Amino acid sequence: MTRVALLSHSANLAYFQPLLNELDPTLRITTWPDQACLEADIAVCWNSPPGIYAKMPQLRLIHSIAAGVDNVLAGQDARDLPVCRVVDPMLAQGMLQYVLWAVLHFHRKLDVAMANQRQAMWKRPPQQAAKDFRVGLMGLGELGGLIGATLPTLGYTVNGWSRSPRELPGVRMFSGADGYEAFLGQTDLLVCLLPLTDSTRGILDRRTFAALPPGAAVVNCGRGEHLVVDDLIAALQSGHLRGAVLDVFTQEPLATDHPLWRTPGVVVTPHMATMAASATVAAQIVANIHRLRDGQALVNQVDMERGY
Ligand code: NDP
Ligand code: OXD
């Protein structure tokens, strides 16, 4: 009998129980804060309760319900346990749609038109060919990779930046610290699709913004901790940056009195860029539970050296 704990300090994951049991009725499932979770073999997680894995002696697999694993690993002792995440074509498609909307928002100057509307001002903003609008993708993994493959087919000039050198048709690639400044210098819209790791925390900061051309804009779909909020607000207020579309925040929900709600040029969305269907997530978790039981290689396992 395999015992599964649904662990989160911020959400009630009980809705996964019927989905997992439909796929494998033998799974014994408990939801945190039920203390029976501490006896589980498998942890299914989003924002794991602090220090929880250290109290779970039987634990053999940590499975995120999401693509990112930062909030599953933060402040935890994961020992040498395997950690898996969700990879799903529909998740990537949702992110593509969100980023495409943000690209159009800035490229077609809908931000300008919407600001004009607030003053009942009829004024056609000058338009620009897609090839003259340069999108810079930070992170070309499962999500950024699809966006990098698609935007050039719509005529955009696309630059990409990843940790290791990569090739993607139609995308001018840069990598590592050496390629960072050159990448930023050719970017009108910077899109962050990085995982949150020690190397990427706070990467959207004053230095990054200063290296972007004047009038550039920023989209953050990675994690809130990628962004240094005060640096963004300063870059917007100085006029160096034109605007920002932000989907993720260090504290979610974003506090009602947070300045980002009311900073001119900022669009706030509630961590909605994309989400895998719960049934898809459940299927991937159960498949990995069965693989673990059968001694097979797990799928979508995180490389703990890299942290993603
Ligand atoms: P992947 O692991 O597939 O891809 C990560 C990419 O980031 C890779 O290209 C990797 O480089 C690059 N990268 C990692 N570290 C660095 C670094 N230090 N410097 C430069 N590049 C780096 O991740 P996904 O595409 O699946 O997801 C990315 C993130 O998106 C998630 O971790 C999550 O935080 C966020 N997300 C947000 C959602 C939302 O709704 N807002 C929904 C889903 C995910 P390399 O290719 O060299 O390995
Ligand atoms: C994810 C997310 O990582 O929803 O999948 O942010």
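Residues numbered from 1 in each chain as written. Chains lettered and ligands numbered in written order. Predicted model: local features only at pLDDT ≥ 70, side-chain atom pairs only at ≥ 80, totals over all residues. Heavy atoms only, no water.

1. Some points on unusual backbone geometry
- Note the cis peptide between Trp-32 and Pro-33, where omega equals 20°.
- With respect to the element layout, Pro-33 can be found in the loop between strand S2 (28-31) and strand S3 (42-45).
- Glu-252 connects to Pro-253 through a cis peptide bond whose omega is 0°.
- Counting through the fold element by element, Pro-253 comes out in the loop between strand S11 (241-246) and strand S12 (266-268).
- Unusually for a residue other than glycine, Lys-109 sits at a positive phi of about 60°.
- One non-glycine residue, Ala-120, lies in the positive phi region at around 50°.
- Note on placement: Ala-120 falls in the loop between helix H4 (110-117) and strand S6 (134-138).
- Residue classification places Ala-120 among the exposed positions, given a relative accessible area of 75%. (Helix = DSSP H or I, 4+ residues; strand = E, 2+ residues; numbered from the N terminus. Buried < 20%, exposed > 50% of the residue type's maximum accessible area, 1.4 Å probe, protein only.)

2. Quick word on the site of ligand 1
- Taken together, 29 residues are adjacent to ligand 1, and Arg-85, Ser-164, Arg-166, Asp-247 and Tyr-308 come closest.
- In this structure, Arg-163 approaches ligand 1 through a main-chain N or O atom, which is 2.9 Å from a nitrogen atom.
- Broken down by secondary-structure element, the contributors of at least two residues to the shell around ligand 1 are helix H5 (142-150) and strand S7 (157-162).
- Here the residues of the shell around ligand 1 sort into 12 nonpolar, 10 polar and seven charged. (Near = heavy atom within 4 Å. Polar contact = N/O pair within 3.5 Å; in protein donor to acceptor, adjacent residues only side chain to side chain. Nonpolar A, V, L, I, M, F, W, Y, C, P; charged D, E, K, R; others polar.)

3. A short note on the pairing of strand S1 (residues 3-7)
- Taking burial as the measure, the five residues of S1 include four buried ones, the bulk of the element.
- In terms of strand pairing, S1 meets S2 through four bridges, oriented parallel. Pairing of Leu-6 across the sheet is with Thr-31, part of S2.
- Pairing of S1 with S3 involves four bridges; the strand directions are parallel. Residue Leu-6 lies in a different strand from S3, and its bridge partner there is Val-44. (Pairing = 2+ DSSP bridges.)

4. Quick word on the sheet that holds S2
- In space, the five strands of this open sheet follow the order S2-S1-S3-S4-S5, with parallel pairing throughout. Where the open sheet ends on each side, the last strands, each with one partner, are S2 and strand S5 (83-84).
- Pairing of strand S4 (residues 61-64) with S5 involves two bridges; the strand directions are parallel. Within S5, the position partnered with His-63 by the bridge is Cys-84.
- Across the sheet, helix H1 (residues 16-23) is in contact with S1 and S2; its angle to S1 comes to roughly 155°.
- Most of the contacts of helix H9 (residues 278-293) go to S4, to which it runs at about 165°, and overall it touches S1, S3, S4 and S5. (Contact = heavy atoms within 4.5 Å. Axes fitted to C-alpha atoms, helices over the stretch in contact; angles between N-to-C directions.)

5. Quick word on the domain arrangement of the protein
- In terms of domains, the protein is made up of domain 1 (3-88 + 276-294) and domain 2 (90-268).
- A C-alpha centroid distance of 32 Å is found between domain 1 and domain 2.
- Counting from both sides, the interface comprises 10 residues of domain 1 and, opposite them, six residues of domain 2.
- Taken together, the two surfaces of domain 1 and domain 2 that pack against each other cover about 660 Å², and 52% of this comes from carbon and sulfur.
- Per-residue buried area on domain 1 facing domain 2 is highest for Asp-70, Val-87 and Asp-88; these three make up 61% of the total on that side.
- Here domain 1 and domain 2 share four residue pairs in polar contact (both at pLDDT 80 or more) between them.
- Classifying every residue of the side of domain 1 that touches domain 2 by side-chain character gives five nonpolar, two polar and three charged. (Domains from an automatic or database assignment. Buried area = accessible area lost by both parts, 1.4 Å probe.)

6. Quick notes on the packing of aromatic side chains
- Applying the stated criterion across every chain yields a total of six aromatic pairs.
- Taken together, a centroid distance of 5.3 Å and an interplanar angle of 65° make the contact between Tyr-98 and Trp-101 edge-to-face. Separated by three residues within a single helix, Tyr-98 and Trp-101 lie in helix H3 (residues 89-107), roughly one turn from each other.
- Here Tyr-98 falls in the buried class, since its relative accessible area comes to 5%.
- Within the aromatic cluster, the residues linked to one another by ring pairs are Trp-161, Phe-174, Tyr-180 and Phe-183. (Phe/Tyr/Trp six-rings, centres within 6.5 Å; stacked < 30°, edge-to-face > 60°.)

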